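As a plain string of letters, each chain reads:
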Amino acid sequence: DSRVIPARVQARDAGGRAVELLFFEREDDRRWRALVRPGRRCRVGAELVVGQAQVRVVGVAADGPRVVERLDGTIEELLAAHGLPPLPPYIRRFSAPTAEDRERYQTVYARPPGSVAAPTAGLHFTQSLLEGLGARGVEIHALTLHVGPGTFRPIKTPHVENHTLPRERVSIPPATADAVNRARAEGRRVIAVGTTTTRALESAAEADGRVRPVEGAAGLYITPGYGFRVVDALLTNFHLPRSSLLVLVAAFAGRELILKAYAHAVRAGYRFYSYGDATLIV
């Protein structure tokens, strides 16, 4: 149920040149980690202007993101005033993202802010559909996984297992953990809406498949050969090549079956990615 934040900010450097910031992780009120483009304009000490606000690059993480500090207020206030929805690069606009994008690029059940990409499997649900599922006896429970920029990072290693997938903040409340454990004990299926939900649940699973409540981070990277402990079925969109999301789906359903399904989707003209079609793997 994570809500996408207006994480993308257009700035100017001291020479008036454009710089793009993608804020994704809070350190404190004034400091956040951010991806920057172009990086050469964002060395440590560089000062940038966003509207009338000023920010400074105060650090560089080992994996490349900058630590950006606001000099005259909080980063959250900066995002509220100047942030844009972080639409994926394949969603092209002739102008900046609109106010409509702020709401359309959210699930209907989005609550705590923190993601830099929508958990897109949830975009298929309307409130009436959720109510209809509940009327048929389907239990619906929420957890939170804040989608980080690692979701955009393509796999470039020769073997998918050697790819590094960053941790993402996760919250699984006791009520949700109890509901999942009760369903498994009663022989009912656990159907995950999205790879985000799958990663969260499997990261919180004990050896016997019981899910524990979590307030922390999900660090599990699921690749073929992984033995799923919790999730019985998965609703998910069609994913980009060379993505960790596609690797997770192949681990769940089998590489050959997924490639066959994707080949059919291409032939039939299915829509891929964020606003695309869904696949239900049972």
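Residues numbered from 1 in each chain as written. Predicted model: local features only at pLDDT ≥ 70, side-chain atom pairs only at ≥ 80, totals over all residues. Heavy atoms only, no water.

A.B. asks: Tell me about the nonpolar core, and please be specific about residues and values.
C.D. replies: In terms of nonpolar packing, the biggest core is built from 38 residues, with Ile-172, Leu-201, Val-211 and Val-230 touching the most fellow members. Among the secondary structure elements, those contributing two or more residues to this core are strand E10 (168-172), helix H4 (174-185), helix H5 (194-203), strand E12 (214-218), helix H6 (244-253) and helix H7 (255-268). Sequence-distant contacts of Ile-172, defined by excluding residues within four places in its chain, comprise Leu-143, Ala-177, Ala-200, Leu-201, Ala-204, Val-211, Arg-212, Pro-213 and Val-214. (Core = buried A, V, L, I, M, F, W, Y, C linked by side-chain atoms within 4.5 Å. Buried < 20%, exposed > 50% of the residue type's maximum accessible area, 1.4 Å probe, protein only. Helix = DSSP H or I, 4+ residues; strand = E, 2+ residues; numbered from the N terminus. Contact = heavy atoms within 4.5 Å.)

A.B. asks: Please set out the packing of aromatic side chains residue by residue, giving values where relevant.
C.D. replies: Evaluated as defined, the whole model comprises nine aromatic pairs. Here Phe-272 and Tyr-273 contribute two aromatic rings whose centre-to-centre distance is 5.8 Å and whose plane-to-plane angle is 80°, an arrangement assigned as edge-to-face. What links up through ring pairs into an aromatic cluster is the set Phe-238, Tyr-262, Tyr-270, Phe-272 and Tyr-273. Lying across the ring of Tyr-275, Arg-104 places its NZ or CZ 5.5 Å from the centre. (Phe/Tyr/Trp six-rings, centres within 6.5 Å; stacked < 30°, edge-to-face > 60°. Lys NZ or Arg CZ within 6 Å of the ring centre and 35° of its normal.)

A.B. asks: Give me the lowdown on the sheet that holds E10, citing residues and values where you can.
C.D. replies: Pairing is antiparallel in the open sheet, where three strands are placed in the order E9-E10-E12. The sheet is open, and its two edges are formed by strand E9 (144-145) and E12, each paired on a single side. Note: E9 against E10, two bridges, orientation antiparallel. Paired with Thr-144 across the two strands is Ser-171, which belongs to E10. (Pairing = 2+ DSSP bridges.)

A.B. asks: An account of helix H1 (residues 75-82) is requested, with residue identities and associated values reported.
C.D. replies: For H1, every residue scored as buried is listed here: Ile-75, Leu-78 and Leu-79. With its buried residues spanning 95° around the axis, H1 presents them on a single face. Exposed residues pointing more than 90 degrees away from the buried face of H1 are listed as Ala-80 and Ala-81. Where H1 is buried, its residues contact strand E2 (8-12), strand E3 (18-26), strand E4 (31-37), strand E5 (47-50), strand E6 (53-60) and strand E7 (66-70). One side-chain oxygen of the residue at the start of H1 lies 3.1 Å from the amide nitrogen of Glu-77, identifying that residue as Thr-74. (Arc of directions from axis to C-beta. Polar contact = N/O pair within 3.5 Å; in protein donor to acceptor, adjacent residues only side chain to side chain.)

A.B. asks: Describe H6, naming the residues involved and giving the relevant values.
C.D. replies: Within H6, nine of the ten residues are buried, which leaves it mostly tucked inside the rest of the structure. Within H6, burial applies to Ser-244, Leu-246, Val-247, Leu-248, Val-249, Ala-250, Ala-251, Phe-252 and Ala-253. On its buried face, H6 is in contact with H5, strand E13 (233-237), H7 and strand E14 (278-281).

A.B. asks: Got a sec to walk through the pattern of salt bridges? Specific residues and values, please.
C.D. replies: For the structure shown, the criterion picks out 15 salt bridges. Among the ionic pairs, Arg-3 bridges to Glu-103, the shortest N-O distance being 3.0 Å. On the criterion of sequence distance, the pair formed by Arg-3 in strand E1 (residues 3-4) and Glu-103 in helix H2 (residues 99-104) is long-range, its members being 100 residues apart. Glu-20 is the salt-bridge partner of Arg-8, the closest N and O atoms lying 2.8 Å from each other. Of this pair, Arg-8 sits in strand E2 while Glu-20 sits in strand E3, and the two are twelve residues apart along the sequence. Glu-20 shares its class with Arg-8; the two are buried. Salt bridges sharing common partners tie together Glu-139, Arg-182, Glu-186 and Arg-188. (Salt bridge = Lys/Arg side-chain N within 4 Å of Asp/Glu carboxyl O.)

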